[in-house]
Amino acid sequence: MKLLALLSTLFLAGCAGIPKGVSPVHGFELSRYLGAWYEIARLDHSFERGLTRVTATYGLREDGGIKVVNRGFDSRKQEWREATGKAYFVESPNIGRLKVSFFGPFYGGYNIIDLDKENYSYALVSGPTRSYLWILAREKTLESSVLHHLVTKAEALGFATDRLIYVDHSEK
């Protein structure tokens, strides 16, 4: 578990930025974003490699920040891996741009770049560079038209969508 957090931080250390030409959503409402999200797709990184049934759960911290719990099942080891971190807004709380840390004082960018503002049922999230991208949803699957919209948008923004890993949420 500590290894997952350490690797997450090392890859994102000191980079609470946002890729050039990418903009975070405005009109963001944290209270509606809190709770559990399923990872639908991601770009590959060692700290999530091999994980299935990945979720991210967001809650309020006493210091006004956000508690982040990332969890996934390592099917090779047949065990759950979990990392707990903290996040804070970089700009205004109504802008979906945050910095997240899973280890000490090192923060990485967490940028919500598309969001279902009506129901908060899906989100497209980038890290500090175009090497980090996640598609999240409140359910284990997304309608194909919504998924197509998010992938098309990410591709237009310069993300390598042909390298997306689609997360298996089945309990085998």
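Preceding this section is the structure that the text describes.
Residues numbered from 1 in each chain as written. Predicted model: local features only at pLDDT ≥ 70, side-chain atom pairs only at ≥ 80, totals over all residues. Heavy atoms only, no water.

Q: Can you walk me through the overall build of the protein in this structure?
A: When helices and strands are tallied, the protein shows three helices and nine strands. Listing the helices and strands of the protein from first to last along the sequence gives α-α-β-β-β-β-β-β-β-β-α-β. Rg of the C-alpha trace for the protein: 15 Å, near the compact-globule value of 16 Å for 172 residues, within the 12% margin. The dimensions of the protein, computed from C-alpha atoms along their principal axes, are 40 × 40 × 25 Å. The burial tally for the protein puts 47% of its 172 residues in the buried class. When contacts within the protein are restricted to residue pairs at least 6 apart in sequence, those whose partners lie at least 24 apart make up 57%. Entry remark: accessible area of the protein is about 8,800 Å², with carbon and sulfur atoms responsible for 53%. For the protein, the distance from the average site of its 22 positive side-chain charges to the average site of its 19 negative ones is 6 Å. (Helix = DSSP H or I, 4+ residues; strand = E, 2+ residues; numbered from the N terminus. Rg over C-alpha atoms; globule rule 2.2 N^0.38 Å. Buried < 20%, exposed > 50% of the residue type's maximum accessible area, 1.4 Å probe, protein only. Contact = heavy atoms within 4.5 Å. Areas by Shrake-Rupley, 256 points an atom, 1.4 Å probe, with all protein chains shown as cover. Lys, Arg positive; Asp, Glu negative; His and termini not counted. Charge placed at Lys NZ, Arg CZ, Asp CG, Glu CD.)

Q: Just to check I follow, could you spell out the environment of D162 for this structure?
A: For D162, the position within the fold is in the loop between helix 3 (144–156) and strand 9 (164–166). In this structure, the C-alpha to C-alpha distance between D162 and P24, residues 138 residues apart in sequence, is 22 Å.

Q: I keep staring at the nonpolar core and nothing clicks. Help me out?
A: A general tendency of soluble globular proteins is for nonpolar side chains to be buried together. The biggest cluster of nonpolar side chains holds 24 residues, and the ones touching the most others in it are Y33, Y58, Y110, I112 and L115. Only helix 2 (30–33), strand 2 (51–60), strand 3 (66–74), strand 4 (79–89), strand 5 (97–103), strand 6 (106–115), strand 7 (122–126) and strand 8 (133–137) provide two or more residues apiece to this core. Every residue in contact with Y58, bar those within four places of it in the chain, is listed here: Y33, L34, G35, W37, I66, K67, V68, Y110 and L136. I40, I113, I135 and V146 belong to the second largest nonpolar core, which has 18 residues in total. (Core = buried A, V, L, I, M, F, W, Y, C linked by side-chain atoms within 4.5 Å.)

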